[in-house]
Amino acid sequence: MARQRVPEGPPPALAVQKLRVRYAKRGRLRFSSTRDFQRALERALRRAGVPMAFSAGFHPHPKISYANAAPTGTASEAEYFEISVTERVDPESVRAALDEALPQGLDVLEVVEAAQGALADRLQGSDWVMDFPGLTEAQLQQAADQLLALDRVEVSRTFKTGPRTFDVRSAVVSMTTAPSERPDCAILRVVVRHTTPAVRPDDVLTALRAATELTPPMPPLVTRLAQGPLRPATAGVADPLAADEDDDGA
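Conventions we followed
- Residues numbered from 1 in each chain as written.
- Predicted model: local features only at pLDDT ≥ 70, side-chain atom pairs only at ≥ 80, totals over all residues.
- Heavy atoms only, no water.
- Helix = DSSP H or I, 4+ residues; strand = E, 2+ residues; numbered from the N terminus.
- Buried < 20%, exposed > 50% of the residue type's maximum accessible area, 1.4 Å probe, protein only.
- Contact = heavy atoms within 4.5 Å.
- Areas by Shrake-Rupley, 256 points an atom, 1.4 Å probe, with all protein chains shown as cover.
- Lys, Arg positive; Asp, Glu negative; His and termini not counted.
- Charge placed at Lys NZ, Arg CZ, Asp CG, Glu CD.
- Pairing = 2+ DSSP bridges.
- Core = buried A, V, L, I, M, F, W, Y, C linked by side-chain atoms within 4.5 Å.
- Axes fitted to C-alpha atoms, helices over the stretch in contact; angles between N-to-C directions.
- Parallel < 35°, antiparallel > 145°, perpendicular 65-115°, else oblique.
- Left-handed = near helix turned anticlockwise from the far one by under 90°.
- Nonpolar A, V, L, I, M, F, W, Y, C, P; charged D, E, K, R; others polar.

**Considerations on the overall build of the protein**
Stage number 1. The helix and strand tally for the protein stands at 6 helices and 12 strands.
Stage number 2. Taking the principal axes of the C-alpha coordinates as reference, the protein spans close to 65 × 45 × 35 Å.
Stage number 3. Residue burial in the protein is summarised as follows: out of 250 residues, 46% are buried.
Stage number 4. Sequence separation of 24 or more characterises 73% of the internal contacts of the protein that already satisfy a separation of 6 or more.
Stage number 5. Carbon and sulfur atoms make up 50% of the accessible area of the protein, which amounts to about 13,800 Å² in all.
Stage number 6. Averaging the locations of the 30 positively and 33 negatively charged side chains of the protein gives two centres separated by 8 Å.

Next up, the structure:
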């Protein structure tokens, strides 16, 4: 019988604390991919001296879990990940050290000690803002009203497994418009329920084009303002870290 190989050396130190981190993806770094961020984060954790916990085995890796990253090309004020550490640390000290170690445009906004339960379970929806150059608020409002009046709007997107058609309308919780701070622009704000497959901002734009014949002269500037628990009464999104800070939750 073959002998099972065992890694040499002592086993990795046990994790004693888990932290949840919110960060922003701004400016030109909105074009960074999830993999780009993962590489930058692992370098930053080393530079910041964070006592990371590692997996066991022949190829140990830091215990980091990522949650629902924004698509490449979109900015975000609400990206999340979790890390496990082998020594108890002060969350605010970790926030400051990581923010200093990451490139400008990847900004660490908040670090809290994780409570029980999975972070992914709290990320039920996203609040997106789309700033459209060359459109008026009246044009966007008309398109939004037309889309919301429909029961179903299907779009197709190519996945690793091939093309797939899915409904966008059922994922849209709310859709409102506002004037933009930029001249000759208008804002569309959309709260989207997290579904499988995920309905992305470009899917919403495709649905608007298909259902209302809206044809923006330029692509919108897209930013995720928040993601977290859905609040049906207000058609909004709550803070997913609030329950970690307050037993009453968000």
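**Overview of the pairing of strand β6 (residues 154-159)**
Remark: a regular strand shows side chains that alternate across the two faces of the sheet.
Stage number 1. Where β6 meets strand β7 (residues 162-167), 6 bridges bridge the pair, whose relative direction is antiparallel. Paired with E154 across the two strands is D167, which belongs to β7.
Stage number 2. Counted along the chain from β6 to the antiparallel partner β7, the turn is 2 residues long.

**Observations concerning the nonpolar core**
Stage number 1. Membership of the largest hydrophobic core comes to 27 residues, with the highest contact counts inside it found for V168, M175, L188, V190, V204 and L208.
Stage number 2. At the level of secondary structure, the elements contributing two or more residues to this core comprise β5 (125-133), α4 (137-148), β8 (172-179), β9 (185-193) and α5 (201-212).
Stage number 3. Judged by nonpolar contacts, the second largest core, of 22 residues, contains A40, M52, L98 and V111.

**Digging into the packing of helix α1 (residues 34-48) against helix α2 (residues 91-101)**
Stage number 1. The N-to-C vectors of α1 and α2 enclose an angle of 120°; their axes lie 8 Å apart at closest approach. With respect to α2, the element α1 is oriented oblique. Both α1 and α2 take part in a crossing whose hand is right-handed. Across the interface between the two elements, L41, A44, L45, R47 and A48 of α1 pack against A97, L98 and A101 of α2.
Stage number 2. When the residues that make up the contact of α1 with α2 are grouped by side-chain class, the tally is 7 nonpolar, no polar and 1 charged.

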